[in-house]
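Here are the chains, one letter per residue:
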Amino acid sequence: HPGVCVMNSGSPSHPERQNQTQAVVNSPQSPKLLTQVRNKMRVLHYSIRTESAYVDWIVRFLRFHRTADGNWQHPASLGGPHISEFLTHLAVERHVSASTQNQALCALVFLYRQVLELDPGRLDGVRAKGPERMPVVLSHDEVRRILEACPSGSLVRLFCELFYGTGMRLLEVCRLRIKDIDFQRRQILVRDGKGEKDRVVPFPERCLEPMRQQIERTRDLHQSDLAAGYGSVWLPYAIAEKYPAAAREFLWQFVFPAGRISTDPRSGAFRRHHVHENSVQKLVRAAVLRASIDKKISCHTFRHSFATHLLESGADIRTVQELLGHSDVSTTMIYTHVLQQGPMGVRSPLDRL
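Being a predicted model, the structure only gives us computed values, none of them experimental.

## So, empty space enclosed by the protein
Unfilled space is identified by rolling a water-sized probe across the atoms. Applying the stated criterion across every chain, the model contains two cavities of 30 Å³ or more. Put simply, the largest cavity is a space of about 80 Å³. Its residues assigned to classes, the lining of the largest cavity comprises three nonpolar, five polar and two charged. Taken as a whole, the second largest cavity encloses approximately 30 Å³ of empty space.

## Observations regarding the packing of helix H4 (residues 80–92) against helix H5 (residues 98–115)
It is at 10 Å that the axes of H4 and H5 come closest, and there the two elements cross at 160°. Here H4 lies roughly antiparallel to H5, going by the angle between them. Read as a crossing pair, H4 and H5 show a hand that is right-handed. Here H4 contributes Ile 83, Phe 86, Leu 87, Leu 90 and Ala 91 to the contact with H5, which in turn contributes Gln 101, Ala 104, Leu 105, Leu 108 and Tyr 112. Across the contact of H4 with H5, the residue classes break down as nine nonpolar, one polar and no charged.

## Some thoughts on the side chain of Arg 169
The residue Arg 169 is located in the loop between helix H7 (155–166) and helix H8 (170–174) in this model. Exposure remark for Arg 169: the relative accessible area of 15% places this residue in the buried category. Apart from the residues lying within four places of it in its own chain, the contact partners of Arg 169 are Phe 163, Lys 194, Arg 199, His 300, Arg 303, Leu 324, Gly 325 and His 326.

## What to know about the nonpolar core
Of all hydrophobic cores here, the largest spans 41 residues; its most connected members are Ile 146, Phe 163, Met 211, Phe 256 and Val 280. Ranked by the residues each element gives to this core, the list is headed by H7, at six residues. Among all residues touching Val 280, those that are not within four sequence positions of it are Phe 159, Phe 163, Leu 170, Cys 174, Val 275 and Cys 299. Ranked by size, the runner-up nonpolar core spans 29 residues in total, among them Met 41, Tyr 54, Val 59 and Ala 76.

## Comments concerning the packing of helix H2 (residues 33–43) against helix H3 (residues 48–64)
Each pair of packed helices gets described by two things: the angle between the helix axes and the distance between those axes. The interhelical angle for the contact between H2 and H3, taken along N-to-C directions, is 150°, at an axis separation of 10 Å. The pairing of H2 with H3 is recorded here as roughly antiparallel in orientation. Crossing of H2 against H3: the hand is right-handed. Only Thr 50, Glu 51, Tyr 54, Val 55, Ile 58, Val 59 and Leu 62 of H3 make contact with H2, whose side of the interface consists of Leu 33, Leu 34, Val 37, Arg 38, Met 41 and Arg 42.

## Brief notes about the sheet that holds strand S3 (residues 199–202)
The three strands lie next to each other as S1-S2-S3, forming an open sheet whose pairing is antiparallel. Bordering the open sheet on either side are strand S1 (181–182) and S3, each of which pairs with just one other strand. Both strand S2 (residues 187–190) and S3 contribute to a ladder of four bridges, which runs antiparallel. Residue pairing across strands places Leu 189 opposite Val 200, the latter belonging to S3.

## Observations regarding the pattern of salt bridges
Tallied over the entire structure, the rule returns 19 salt bridges. Among the ionic pairs, Arg 42 bridges to Glu 51, the shortest N-O distance being 2.9 Å. Each member of the salt-bridge network shares a partner with another, and the members are Lys 179, Asp 180, Arg 191 and Asp 198.

## Here we look at unusual backbone geometry
Excluding glycine, residues mostly carry a negative phi; peptide bonds, for their part, are mostly trans. The phi angle at His 95 is positive, at roughly 55°, despite the residue not being glycine. Secondary-structure assignment places His 95 in the loop between H4 and H5. A relative accessible area of 62% means that His 95 is categorised as exposed. Positive phi values are uncommon outside glycine, yet Arg 186 reaches one of about 55°. Turning to its location among the elements, Arg 186 is positioned in the loop between S1 and S2. For Arg 186, a relative accessible area of 32% corresponds to the partly exposed category.

The rules we used
Residues numbered from 1 in each chain as written. Predicted model: local features only at pLDDT ≥ 70, side-chain atom pairs only at ≥ 80, totals over all residues. Heavy atoms only, no water. 1 Å grid on protein atoms, 1.4 Å probe; cavity = no way out; pocket = protein on both sides within 12 Å on 5 of 7 lines; lining within 4 Å. Points joined across faces, edges and corners; volume = space filled by probe spheres on them. Nonpolar A, V, L, I, M, F, W, Y, C, P; charged D, E, K, R; others polar. Axes fitted to C-alpha atoms, helices over the stretch in contact; angles between N-to-C directions. Helix = DSSP H or I, 4+ residues; strand = E, 2+ residues; numbered from the N terminus. Parallel < 35°, antiparallel > 145°, perpendicular 65-115°, else oblique. Left-handed = near helix turned anticlockwise from the far one by under 90°. Contact = heavy atoms within 4.5 Å. Buried < 20%, exposed > 50% of the residue type's maximum accessible area, 1.4 Å probe, protein only. Core = buried A, V, L, I, M, F, W, Y, C linked by side-chain atoms within 4.5 Å. Pairing = 2+ DSSP bridges. Salt bridge = Lys/Arg side-chain N within 4 Å of Asp/Glu carboxyl O.

In C-alpha cells form, the structure reads like this:
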C-alpha cells in the first residue's frame, strides 16, 4: 500500500497544505496513513468488513491520482475536485452501481474528516441515487419446495428454516453463539445486529431438534479443539481481557463453526471462527436449483418472505419492524407495497372479462 504518512491539521491554504504534506511525508515519526485509518475505525467500532472496504477505496483513490512518474500523492494535497473526478471515473468508465459509488464516497469523506481532519470541500452532485427495487418474495409453496429439496437433518435445511422462520440476516445466523439460543423460552437473541442493535426473534418449533443436534456436533468439535490446544473463539470488545477464560468456554462458541482453524486478521491468533457466509450461500443456491424455482433467490429472500407472510397473516407492522430490527418503520413499509402488488393486491381488469 502507499507509504504515505498522515497529517493532523486544520484546512490550510493550498501552498501551506503542500508544505505541511511534504513535511509529514518526510517525518519518520508519523504513522502510516492506512494504519491511521484502521486505528480510527477501530476506535469508532466500525466492523472489520467496513474497515476492509474503506481501506480498499482509499488505496484505489490514491492509485488513481498517482503522478505521471508513478509517485503517490498524499491525500492532504488533494481535495473535493479530485474526489469528484474519481467518483465520475467509477460511474462513467467502471459502470459501478449507485451503492458502490456511495460507499466509495463515504470512505473518502471518512478519510478527510475523521482521519486527516480536513474539509474536502463541496461534494455536491457526487452522491448517486440508487434505484427503488421491490424485494423478491417466495410463495408458501416455493418455500416448501426449497425445504423439501434439502436433505432431512442437513445443515442447509436448518439454515433455510432459520432464515425463513426467524427473519434473521445471513451474517446474524452465521454469528449465532451457543448462549444466544433459548430452548425454554423458544426464542433466539440476535446480538449486535445491523447498527449494533440486539433483538429477540422467535425460535421455530421445527428447528428445536435440529438445533440440539447441531449444538452437540459443535460440542464434540470444541472438545477436540481443546484437546489439540486450541478451542478459543473471538470475543467482542474487551470481554477477553475482563474474562480471560471466556474465550474457551462452550457457551461463547459459534453454533455454526468453520470447518478449520484460521488466523484472526487483527490479532493473528489461531481460532475457529464461524462458518463463512459464502459457504452458506452456495448451499442455499444449490437447494434452490434442486427445487427448480426460476427466481433470483438468495438467503435474504427468505427474510423478505418472512416479513411478507407475517403481514399477510395479519401481524402488526410495528411487530414486524421489531422482529426485523429496522430502525424506521418506513423501511418495513416496503413489504406493504409487496402485498398491494401480490395476491392480496388489486385484481387485474383482464381477469374480470
